[in-house]
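# Summary of the model geometry
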Amino acid sequence: MKITDLVGKIQGEFKISPFRILKILSKIEDKDISFYLKDWEVEISEQTFYFLVKHLKEGYPIEYITKKVSFLGNEFFVNENVLIPRIETEDLVILAINLIKNKDIKNVIDIGTGSGVIAISIKKQLPKIKVRASDISEDAIKVAQYNAEKLGVNIGFKIGDCLDPFLEEIDEVQLIISNPPYVETSFVEKNRFLSYEPRISLDGGYDGQSFFKKISNYSHLLKSKYLLFETSEFTVRKTAEILSALGKVQILPDSFKKERFIFISPDY
Ligand SMILES: C[S@@+](CC[C@H](N)C(=O)[O-])C[C@H]1O[C@@H](n2cnc3c(N)ncnc32)[C@H](O)[C@@H]1O
């Protein structure tokens, strides 16, 4: 199908501008938008057309089509077994890197690593520190392992629930970082744009707090550690209250000035 025909077919049905169609096409086919702008007779494959419609109709994420995401300057592989990393999480990693440098931290764990973006980005920037990462999903760990290899970093990966995989070596851990599932079940269920990402990566239980409640049970092991969590701007106060069992809580904003991160320090 030619671009002209495609635009004519799709524009009306989805109430979308030709420019927006070309922008999506350029992402799906990994081409510069000028490629389409300069020749409207270019042929689009059936597969591209199928994905374009799937994206527009059902919200199927483009990242699962292209199988890649850029995160803090590195390209990560993603598939339907992992959450598509969000831009806010880059802020979490920057906070962690500054903290690690300021406090001379040498041993970090990332719980719920998904595609591995947090652990791998930290290790890329600070190759001398020890970074380990876990996930409850074996399929997610396979993706994280693939990314670590592709980006040339050595991370110790483990499969397991919450803090369990690290209990034996917990004494040596100085910083725990996590972007756990924190969306309320009812929101996950009614939001069709979330329906392609793994439920386990998003669903934080009826109030979004399941993971935070779970980790707060380990207060006896976590008193002397730095803790850094991502959560939702809408439930951050509830999360802060739960995590106050682990120490004095500070709420920090992301780049969009949304209160999203929770920091707990053993220093005060
Ligand atoms: C919001 S995603 C974050 C993925 C990745 N860290 C990122 O920031 O893009 C949460 C991840 O936590 C994992 N997870 C969910 N419950 C968990 C648990 N109880 N223990 C460990 N990992 C868990 C999910 O499989 C998912 O990969």
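Given the structure is predicted, the values throughout are model-derived calculations rather than measurements. Residue indices follow the written sequence of each chain, beginning from 1 at its first position. In keeping with the model being predicted, local features are shown solely for residues with a pLDDT of at least 70 and side-chain atom pairs are shown and tallied solely at 80 or more, while totals for entire chains, interfaces and linings include all residues. As a convention, hydrogens and water are excluded, and side-chain values are obtained from all of the structure's heavy atoms.

## Topic: the site of the ligand
- Any residue with a non-hydrogen atom lying within 4 Å of a molecule or strand is treated as near it. The local shell around the ligand holds 20 residues, among which G112, D135, D161, C162 and N179 are the closest.
- For this analysis, a polar contact is any N or O atom pair within 3.5 Å, provided that within protein one partner can donate a hydrogen and the other can accept it, and provided that sequence-adjacent residues contribute only side-chain to side-chain pairs. Between an oxygen atom of the ligand and a side-chain N or O atom of D135, the distance comes to 2.6 Å.
- All accessibility values rest on the Shrake-Rupley procedure with a 1.4 Å probe; residue burial counts only the protein chains present in the view. Relative to its unbound accessible area of 590 Å², the ligand is 95% covered by the protein chains.
- Here a strand is any run of E in DSSP of at least two residues, a helix any run of H or I of at least four, and the numbering for each starts at the N terminus. When residues of the shell around the ligand are traced back to their parent elements, those giving at least two are α7 (117–125) and α10 (199–202).
- For the shell around the ligand, the class distribution of residues is ten nonpolar, eight polar and two charged. Residue type decides the class: Asp, Glu, Lys and Arg count as charged, Ala, Val, Leu, Ile, Met, Phe, Trp, Tyr, Cys and Pro as nonpolar, and the leftover types, Gly among them, as polar.

## Here we look at unusual backbone geometry
- Residue C162 is not a glycine yet carries a positive backbone phi of 50 degrees.
- Looking at the element boundaries, C162 is found in the loop between β5 (156–159) and β6 (175–178).
- Unlike most non-glycine residues, K257 shows phi in positive territory, near 65 degrees.
- Relative to the helices and strands, K257 is located in the loop between β8 (249–253) and β9 (259–264).
- Exposure is judged per residue with a 1.4 Å probe applied to protein chains only, and the accessible area is read against the type maximum: over 50% gives exposed, under 20% gives buried, and values in between give partly exposed. Owing to a relative accessible area of 72%, K257 belongs among the exposed residues under this scheme.

## Overview of the pairing of strand β1 (residues 68–71)
- On β1, burial follows the alternation: V69 and F71 on one face are buried, whereas K68 and S70 on the facing-out side are not.
- Two strands are said to pair when DSSP picks up at least two bridges between them. Pairing of β1 with strand β2 (residues 74–77), which is carried by four bridges, proceeds in the antiparallel orientation. Paired with S70 across the bridge in β2 is E75.
- Joining the antiparallel neighbours β1 and β2 is a turn of two residues, in which L72 adopts a positive phi near 45 degrees.

## Some words on the UniProt feature "domain: Methyltransferase small" (unreviewed entry) in the protein chain
- UniProt positions are given in the numbering used here, feature names are shortened, and annotations may be inferred rather than shown by experiment. With numbering aligned to this structure, UniProt lists the feature "domain: Methyltransferase small" (unreviewed entry) at residues 98–186.
- In residues 98–186, the share of helix is 34% and the share of strand is 21%. The end C-alpha atoms are 36 Å apart.

## Some words on the packing of aromatic side chains
- Two rings belonging to Phe, Tyr or Trp (six-membered ring only in the last case) form a pair when the distance between their centres is within 6.5 Å. Interplanar angles under 30 degrees mark stacking, angles over 60 mark edge-to-face geometry, and anything in between is tilted. In total, this model carries ten aromatic pairs according to the counting rule given.
- Put simply, the rings of Y50, F51, Y60, Y64 and Y196 touch in pairs and so form one group of aromatic residues.

## A word on the side chain of K54
- Looking at where K54 falls in the secondary structure, it is placed in helix α4 (residues 46–58).
- For K54, a relative accessible area of 15% gives the class buried.
- Contact definition: two residues touch when any of their heavy atoms are within 4.5 Å. Dropping the residues within four chain positions of it, K54 is found in contact with G59, Y60 and Y196.

## Quick look at the domain arrangement of the protein chain
- With domains assigned, the protein chain is organised as domain 1 (3–60) and domain 2 (80–264).
- The straight-line distance from the C-alpha centre of domain 1 to that of domain 2 is 36 Å.
- Residue-level contacts link six residues of domain 1 with four residues of domain 2.
- Buried area is calculated as the accessible area (1.4 Å probe) missing from two parts once they are joined, with the contributions of both summed. Here domain 1 meets domain 2 over a buried area of about 440 Å², counting both sides, of which 41% is carbon and sulfur.
- The three residues of domain 1 that bury the most area against domain 2 are E58, G59 and Y60, which together make up 82% of that side's buried surface.
- Salt bridges, as used here, are contacts in which a Lys or Arg side-chain nitrogen is within 4 Å of a carboxyl oxygen on Asp or Glu. The tally of links from domain 1 across to domain 2 stands at zero salt bridges.
- Class assignment of the residues belonging to the side of domain 1 that touches domain 2 gives a composition of two nonpolar, one polar and three charged. Domain delimitation follows an automatic or database domain assignment.

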